[in-house]
Amino acid sequence: MSYLVLESLKEKIGEALSLLSPSSGQIDFVVEPTREKRHGDFATNAAFLLARTLQRPPREVAQDLKRLLEPQLLGVARVTVAGGGFINFTLEDAFLLELLGRVLVEDERFGEVDIGKGKKVQVEFVSVNPTGPLHVGHGKCAAFGDAVARILKKAGFQVEKEYYINDAGKQIELLGISLEVRFRQLLGENVDIPEGGYRGEYLVDIAQELLEERGAGILELPVEERTKLFREYAVEKILAEIRRDLDDFRVFFDVWFSERSLYENGEVEYVLSLLREKGYTYEQDGALWLRTTLWGDDKDRVLIRENGAPTYFASDIAYHWNKWKRGFARVIDIWGADHHGYIPRMHAAMKALGLPEDFLEIFIVQFVTLLRGGQPERMSTRQGEFVPLRSLIEEVGVDAARYYFLMRDPETHLEFDVEEAKRQSMDNPVYYVQYAHARIVSVFREAKKRDLSWVSFQEALRFGFENEDERNLAKAIVYFPEVVKQSALLRQPYLLCNYLHDLAGSFHSFYNLHRILDPENVPRMSFRLALCRLTQIVLRNALELLGISVPESM
RNA sequence: GCGCCCGUAGCUCAACGGGACAGAGCAACGGACUUCUAAUCCGUAGGUUGUGGGUUCGAUUCCCGCCGGGCGCGCCA
């Protein structure tokens, strides 16, 4: 993977550092693209860091490093010391062009970086209780989890996407009861949805369907059978709805895992006995507790209630034990912000089970504040007030919705004014990126229409750069694998959004400033068409990682 | 009260696990289409990074105190 320019630079700098100071092998320097071109192509802060340990002025250390590096670096035209001690590198054009040649060969595989080494990773996300349709906040989780999974796959992990169905417990009981109330109301009975029940309109529709399907007679069934029927019917219908929403949002899961199954095959029981055996549990007030405080939780947590029913926590521990048994090297859980208080106890439970420190990785997705005409809209399924994901998709489209959710760090709050997104949909940043791709396709379409002929892309690269705009575009293109690597390591799709916006910007500038189709100058035309093709490859590969469509025309 | 997230241009956000002059997009202003898609480009303007300290060659970034906003703190899930 030597086209990871930064990687090879880093390696050489590391070697130079250890020559200057053998003891300081673990200096955590960075190599980054420069913000300004007068600083060259890439720069490192290594000298500043070494200066500290050596107790010498950074500039001096930088000079020493430069002397060591200069003869070492192939493909680097210039090494300079600037500022207080930055070391700047300027790539040779020939090297850059060689890298471009490799991109053409790699094509759809370009951007693959093998940091995963085939390790099995699971990403579990959305996992909404089947008690109501998906809302906008879930959409953010869905877009994030799906993009992370795609990125990890590109980075060499073996990835599975999973949805955990909370089809057990009190909330589900309440759902069944709420449906029965709606059902009875349809038959004219004067009954009310109980405290804490689900009041959303969607249950009225489902009750209507059930009535048409099974008739009023089901109310005559024995209590046990009747509540089971209402409960299961509600879960089934709502889950089907959730699946349909996710399909339309282009989010597909490999596994749908039922919480209830953990009870049915005795795994909850088993994990509880495991924890008992290890001596991390105790009885108090008629309940069974886990000593999560041993690992930093605020207080111990209940596993089995006074009434004998296991808590959600208990089944969740069993669930993660199950994940471990399935052979994942690591599992990534993506939760809504309302669950963040749950993190310490879950990590504690993993430690109680003796699982590796880094087995479970949890991401918290902060809420989306939906604004509609300046008015904030609260989202709570239990209150029955929420903005469905579906209606957002219908208003702004899948591509725009996904891009908006992904363009920021999910752990920060996101403000999303629907009215504004609707009104300004033509200025949406996602179109800026997609438009670059559509333009490229259009150039080739035009070239064919005019029956132009040009030198093959690979051959054309030897004509080299004519201006800085072409060169900037080339730099952006070869930087792609580094972005994939970073966003995979940090699990941050938004780095790709930023990168895409940059790349599209470099292309739009290039396009506006230089004519591509010019039969009078075939070498130049050929070289520029090669750049177009290269840009197209990267735009396509990157958009696919985000689950955003790649339009041929707009 | 305790814990987590956040506070950067008028608005929405960047700044790549301390670095060069804090950058984009909207909104504002001025230019560029008889020529490959103007959903674009080129340019101008816009800032005491909430606030007060501290750590050091250097702080938007790390630490502490305050101010303001969001979310949690169940034998719910």
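Bear in mind that the values here come from a model prediction, so they are computed numbers and not experimental data.

J.: Where do I start with the sheet that holds strand β9 (residues 287-290) in this structure?
T.: Strand pairing in a sheet relies on backbone hydrogen bonds, with the paired strands running either antiparallel or parallel. On the basis of which strands lie adjacent, the open sheet formed by 3 strands has the order β8-β9-β10 and antiparallel pairing. The strands lining the two open edges of the sheet, one partner per strand, are β8 (281-284) and β10 (301-304). Across the sheet, the mean angle separating the axes of adjacent strands is 45 degrees when strand polarity is ignored. In the sheet, β9 pairs with β10 via 3 bridges, with the strands oriented antiparallel. Bridge pairing links leucine 290 to arginine 301 in β10. Seen against the sheet, helix α10 (residues 267-277) touches β8, β9 and β10 and runs at an angle of roughly 125 degrees to β10. Against the sheet, helix α11 (residues 312-325) contacts β9 and β10, and its axis sits at roughly 80 degrees relative to β10.

J.: Whenever I open this one, unusual backbone geometry confuses me. Can you help?
T.: Leaving glycine out, the prevailing phi sign among residues is negative, and the prevailing peptide bond configuration is trans. For serine 127, which is not glycine, the phi torsion reads 40 degrees and is therefore positive. Tracing the backbone shows serine 127 in the loop between β5 (120-124) and α5 (136-154).

J.: What is the right way to look at the pairing of strand β4 (residues 86-91) in this model?
T.: With respect to burial, β4 is a largely interior element, 5 of its 6 residues being buried. One ladder, built from 3 bridges, connects strand β2 (residues 42-44) with β4; its direction is antiparallel. The partner of threonine 44 across the bridge, within β4, is isoleucine 87. In this sheet, β4 lies alongside strand β3 (residues 76-82) in antiparallel orientation, the contact comprising 6 bridges. If you follow valine 79 over to β4, its bridge partner there is phenylalanine 89.

J.: Would you mind going over the confidence of the model for chain A with me for this structure?
T.: Residue-level pLDDT values for chain A average 89, and 94% of them are 70 or greater. The secondary-structure element of chain A with the lowest mean pLDDT is strand β14 (residues 375-377), recorded at 59, while helix α17 (residues 457-460) shows the highest, at 97.

Scoring rules and cut-offs
- Residues numbered from 1 in each chain as written.
- Chains lettered and ligands numbered in written order.
- Predicted model: local features only at pLDDT ≥ 70, side-chain atom pairs only at ≥ 80, totals over all residues.
- Heavy atoms only, no water.
- Pairing = 2+ DSSP bridges.
- Helix = DSSP H or I, 4+ residues; strand = E, 2+ residues; numbered from the N terminus.
- Axes fitted to C-alpha atoms, helices over the stretch in contact; angles between N-to-C directions.
- Contact = heavy atoms within 4.5 Å.
- Buried < 20%, exposed > 50% of the residue type's maximum accessible area, 1.4 Å probe, protein only.
- pLDDT = per-residue confidence, 0-100.

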